[in-house]
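Structural overview for review
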Amino acid sequence: MVENGGSYSLYTWDIKSFYPSISFQLLQDALTFWLQECSHLVNSQFSHSFIIEAVEIISSYNHCVFDDQHFKFIKGLATGTNAAVCLAVMVRGYLLHKLCNRLQAEGQTAISAYAKELLMAFIDDNACLWVNSLGSIDIINHQFDRIKQEDGIQFIMVNSEENLLPNGQTAQTQYFLDLTIHLTSSSIIIDQLIVSQFRALE
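Residues numbered from 1 in each chain as written. Predicted model: local features only at pLDDT ≥ 70, side-chain atom pairs only at ≥ 80, totals over all residues. Heavy atoms only, no water.

**Describing the overall build of the protein**
When its secondary structure is counted, the protein shows six helices and 11 strands. By the burial criterion, 34% of the 202 residues in the protein qualify as buried. The contacts of the protein with a sequence gap of at least 6 include a subset with a gap of at least 24, amounting to 56%. (Helix = DSSP H or I, 4+ residues; strand = E, 2+ residues; numbered from the N terminus. Buried < 20%, exposed > 50% of the residue type's maximum accessible area, 1.4 Å probe, protein only. Contact = heavy atoms within 4.5 Å.)

**Examining the nonpolar core**
Ranked by internal contacts, the top residues of the largest apolar core, which has 39 residues, are Trp13, Leu99, Ile140 and Ile153. Put simply, the parts of the chain that give this core at least two residues each are β2 (8-16), α1 (18-21), α2 (24-37), α3 (48-60), α4 (84-105), α5 (109-118), β6 (125-131) and α6 (138-151). If you tally residues by element for this core, the top one is α4, at 10 residues. (Core = buried A, V, L, I, M, F, W, Y, C linked by side-chain atoms within 4.5 Å.)

**Description of the packing of α4 against α6**
Where α4 contacts α6, the two axes come as close as 10 Å, and the packing angle between them is 125 degrees. By the angle between their axes, α4 is oblique relative to α6. Crossing hand, α4 versus α6: right-handed. Only Ile139, Ile140, Gln143, Phe144, Arg146, Ile147, Glu150 and Asp151 of α6 make contact with α4, whose side of the interface consists of Leu95, Lys98, Leu99, Arg102 and Leu103. Broken down by class, the residue content of the contact of α4 with α6 amounts to seven nonpolar, one polar and five charged. (Axes fitted to C-alpha atoms, helices over the stretch in contact; angles between N-to-C directions. Parallel < 35°, antiparallel > 145°, perpendicular 65-115°, else oblique. Left-handed = near helix turned anticlockwise from the far one by under 90°. Nonpolar A, V, L, I, M, F, W, Y, C, P; charged D, E, K, R; others polar.)

**Here's the deal with α6**
In a regular helix each residue adds 1.5 Å, so 14 residues correspond to 20 Å; α6 covers 19 Å between its end C-alpha atoms and thus fits that length. Within the span of α6, buried status applies to Ile140, Asn141, Gln143, Phe144, Ile147 and Asp151. End-on, the buried residues of α6 take up no more than an arc of 160 degrees, which puts them together on one face. Directly beyond the C-terminal end of α6, a positive phi value near 75 degrees is found at Gly152. (Expected span 1.5 Å × (residues − 1). Arc of directions from axis to C-beta.)

**Considerations on the pairing of strand β3 (residues 63-66)**
Two elements, β3 and strand β4 (residues 69-72), share four bridges in a ladder whose sense is antiparallel. Across the sheet, Phe66 pairs through a bridge with Gln69, a residue of β4. A loop of two residues connects β3 with β4, the two strands running antiparallel in sequence, and Asp67 in this loop sits at a positive phi of about 55 degrees. (Pairing = 2+ DSSP bridges.)

**Focus: the environment of Asn126**
Mapped onto the elements, Asn126 comes out in strand β6. Measuring from C-alpha to C-alpha, the distance between Asn126 and Ile156 comes to 9.7 Å, with 30 residues separating the pair along the chain. Ignoring sequence-local partners within four residues, the contact set of Asn126 consists of Tyr11, Thr12, Trp13, Ile15, Arg92, Met120, Ala121, Phe155 and Phe176. Among the polar contacts made by the side chain of Asn126, one reaches the main-chain carbonyl oxygen of Asp124 at a distance of 3.3 Å. (Polar contact = N/O pair within 3.5 Å; in protein donor to acceptor, adjacent residues only side chain to side chain.)

**Digging into the side chain of Arg102**
Considering the arrangement of structural elements, one finds Arg102 in helix α4. Apart from the residues lying within four places of it in its own chain, the contact partners of Arg102 are Gln143, Arg146 and Glu150.

**Structural notes on the pairing of strand β10 (residues 179-183)**
For β10, the buried fraction is high: four of the five residues fall into the buried class. By the bridge criterion, five bridges tie strand β9 (residues 170-176) to β10 in an arrangement that is antiparallel. Bridge pairing links Tyr175 to Thr180 in β10.

Here's what the structure looks like:
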């Protein structure tokens, strides 16, 4: 989190062991939700039950080879499968939908609408530019705690570090994806990693 005592604060969360934590029940709930929400996108020759059963096969019978030995995944999504990223994104979107619906049901209409629009994510990395006038971010953290209890998915808030910038300014520094975000008393400075170890191999 990066707080400056002004109008906005930046909060980020990591999901702990996201892929291994996705149970088939949660995956099935997410699939059922999205198949209903986006039924117009589903090829009519595939029934919803067929799709869910096919995904169950994918998630239940994953194997890999390491050091010439065969291993079977016994929990969660196997990260190496072609379908894993798509399924993980669907699960995360479903959890956000649950969070916003609960806020709405609890009378937090403005916060629900704000979270739906500005609680951003890239798979298991989450961020929100929070309007401080909405109150404490604990409102969102409470909903994340409920998700952990009910669905086994743990959102962990990432705390900022205090750093001294090359120009002599003191800043609160937050890391998110390939960005380093520095918040000073008067500005936000974003540094992007130009070269990654993967690009270096190209």
